[in-house]
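Structural features, examined
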Amino acid sequence: MPGRDAVTTSTAAVEAHDTSGTGEQPRYLPGFGNEHVTEAVPGALPEGRNSPQRAPLGLYAEQISGTAFTQPRSVNQRTWVYRILPSAAHGPFRKIGDGLLRTAPFTDVPADPNRLRWDPLPLPDAPTDFVDGLFTIGGNGDAETRAGIAVHWYRADTSMTDRYFVNADGEFLIVPQLGGLLLDTELGRLRVAPGEIAVVPRGIRYRVELLAPVVRGYICENYGASFTLPERGPIGANGLANERDFLAPTAAFDDRRRDVQVVQKFGGGLWAADYDHSPLDVVAWHGTYTPYKYDLARFMTIGTISFDHPDPSIFTVLTSPTDTPGLANADFVIFPPRWLVGEDTFRPPWYHRNVMSEFMGLVRGVYDAKADGFLPGGASLHNGFTSHGPDAETYARASTGELRPRKLDDTLAFMFESRWIVRLTEHAATAPSLQDDYDGVWDGLRPHFTRP
Ligand SMILES: O=C(O)Cc1cc(O)ccc1O
Ligand SMILES: [Fe+2]
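Residues numbered from 1 in each chain as written. Chains lettered and ligands numbered in written order. Predicted model: local features only at pLDDT ≥ 70, side-chain atom pairs only at ≥ 80, totals over all residues. Heavy atoms only, no water.

- If you check an unreviewed UniProt entry, the chain appears there as Homogentisate 1,2-dioxygenase from Actinomadura graeca.
- According to the UniProt record, the Sequence similarities (unreviewed entry) comment for the chain is "Belongs to the homogentisate dioxygenase family."
- Note on the chain: under the UniProt heading Catalytic activity (unreviewed entry), the record states "homogentisate + O2 = 4-maleylacetoacetate + H(+)". (UniProt positions renumbered as here; feature names shortened; annotations may be inferred.)

Concerning the overall build of the chain
- If you tally the helices and strands in the chain, you get two helices and 30 strands.
- The dimensions of the chain, computed from C-alpha atoms along their principal axes, are 85 × 45 × 45 Å.
- Across the 452 residues of the chain, 55% fall into the buried class.
- By sequence separation, contacts in the chain at least 24 residues apart represent 77% of the contacts at least 6 residues apart.
- Surface accessibility of the chain: about 19,800 Å² in total, with carbon and sulfur atoms responsible for 53%.
- Averaging the positions of the 42 positive and the 56 negative side-chain charges in the chain gives two centres separated by 2 Å. (Helix = DSSP H or I, 4+ residues; strand = E, 2+ residues; numbered from the N terminus. Buried < 20%, exposed > 50% of the residue type's maximum accessible area, 1.4 Å probe, protein only. Contact = heavy atoms within 4.5 Å. Areas by Shrake-Rupley, 256 points an atom, 1.4 Å probe, with all protein chains shown as cover. Lys, Arg positive; Asp, Glu negative; His and termini not counted. Charge placed at Lys NZ, Arg CZ, Asp CG, Glu CD.)

Brief notes about the site of ligand 1
- As a structural note, the neighbourhood of ligand 1 is formed by His309, Pro312, Phe335, Pro349, Trp350, His352, Asn354, Glu358, Met360, Tyr367, His388 and Met415.
- Measuring from an oxygen atom of ligand 1, one finds a side-chain N or O atom of His388 at 3.1 Å.
- Contact with the protein chains covers 99% of the free accessible surface of ligand 1, which is 310 Å².
- Each residue belonging to the shell around ligand 1 can be placed in one class, and the counts come to seven nonpolar, four polar and one charged. (Near = heavy atom within 4 Å. Polar contact = N/O pair within 3.5 Å; in protein donor to acceptor, adjacent residues only side chain to side chain. Nonpolar A, V, L, I, M, F, W, Y, C, P; charged D, E, K, R; others polar.)

Topic: the coordination of the iron ion (ligand 2)
- The protein atoms donating to the iron ion (ligand 2) are His352 (NE2), Glu358 (OE), Glu358 (OE) and His388 (NE2), with metal-donor distances spanning 1.9 to 2.6 Å.
- Taken together, the six donor atoms coordinating the iron ion (ligand 2) span angles of 54 to 161° at the metal, a pattern that classifies the geometry as irregular.
- Written as a sequence motif, the donor residues of the iron ion (ligand 2) are H-x5-E-x29-H. In this pair, His352 is assigned in the loop between strand 25 (338-340) and strand 26 (357-364) and His388 in the loop between strand 27 (379-382) and helix 1 (392-400), connecting sequence segments 36 residues apart. Neither residue differs from the other here; His352 and His388 are each classed as buried. (Donors = N, O, S within 2.8 Å, 3.2 Å for Na, K, Ca; no water. Tetrahedral: all angles 85-135°; square planar, octahedral: opposite > 155°, others 65-115°.)

Observations regarding helix 1
- Buried within helix 1 we find Ala392, Thr394 and Ala398. The arc that holds the buried residues of helix 1, viewed along the axis, is 155°, so those residues lie on one side. (Arc of directions from axis to C-beta.)

Examining unusual backbone geometry
- Here Ala104 and Pro105 are connected by a cis peptide whose omega angle stands at 5°.
- Despite not being glycine, Leu240 shows a phi value in the positive range, around 55°.
- Structurally, Leu240 is set in the loop between strand 16 (215-222) and strand 17 (247-249).
- When its relative accessible area of 4% is taken as the criterion, Leu240 is described as buried.
- Backbone geometry places Asp344, a non-glycine residue, at a positive phi of 40°.
- For Asp344, the position within the fold is in the loop between strand 25 and strand 26.

This is the structure in structure tokens:
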């Protein structure tokens, strides 16, 4: 990429496993929540202090805080960046159209007690970049009070070249389903492919380059506390998503002066400002507030080795906690390839009604609770206390099949689970892809009760 310099002096940087396709492999800094240190030009970081009278190499020092200054060290997040121009060097933002992007509170349509399922979102039929292609399905809470989530699909066939995005409302947890993405951020580059995820914190500027002619995926926009790793409790010190498999970018900067546009999501609306330089001009940084990626194949999956179907909380990759211990603003949960070995056990999910609301997507393969109709790129929403569980065909198979150890292979479903009901946007509620016959999947269930 012309003008982008990506040398790193960090000894901790790894040439990470990367499945996102051909081309340049960014270098990464491993470790969840680490205090990372990275320079694209040696000597760009001041030593032993953050804001010397003049920062090295004529750079400007700037702090980006992700938590209040006074929050405890265990959750405190901030990063010091050393950049060519302070990020304050720009003109006014003006309101632009929001496309199909919406923000909580969601009040367009009444909360719907139905089980809902959508076919995959159609791919773009006109040139569309990552920002243009955002399609909000729904959400809860209120972005301005920093509580709740929104769920979006993205779809794009055009890379952002002189256009950048920044979200002041929440962090984006990006789940690619079709095609890889290069996230070119203020703090460096992340390549993510289907099977991997990336998180871009609130307030970080970036552009999205496509690594395939057309891409699609899901986003959980988290208005609440940043995603973190769940406690392991009696599981112990290892397992589930391991800290060292999370990868932050190494510093990389763009020093080209040219006219570009920065699109900001703020208080629910999109705003644009013209800059005469790239906002990705950070030559070095150190800190804890960073974008990161994670390969879901690294998740150490736990399940029963005796009997019964455990609660899916054992599949939590990341959680956005609330002030109530154990109650998540949002959990990101995966259903990856795994062995099923439970004895005398109905192995798919049980029938259930949960206090939490469950949005599900499918990256690849088939989900073990649904024989048909839940497709890669599609989605389902089972809101709090809606009754759901395996379809009739899955029940018939799982309640009579032989219980040999069985590997669920080539499958990757996920759930964005949230404490509050997810309300739809009007365009999600009226989308042609919303299946009108979803209830029918439970039609074939027959009573088998026999009095002894
Ligand atoms: O509804 C679903 O398919 C998700 C889910 C999976 C599971 O194993 C247990 C409960 C649950 O909500
Ligand atoms: Fe469920």
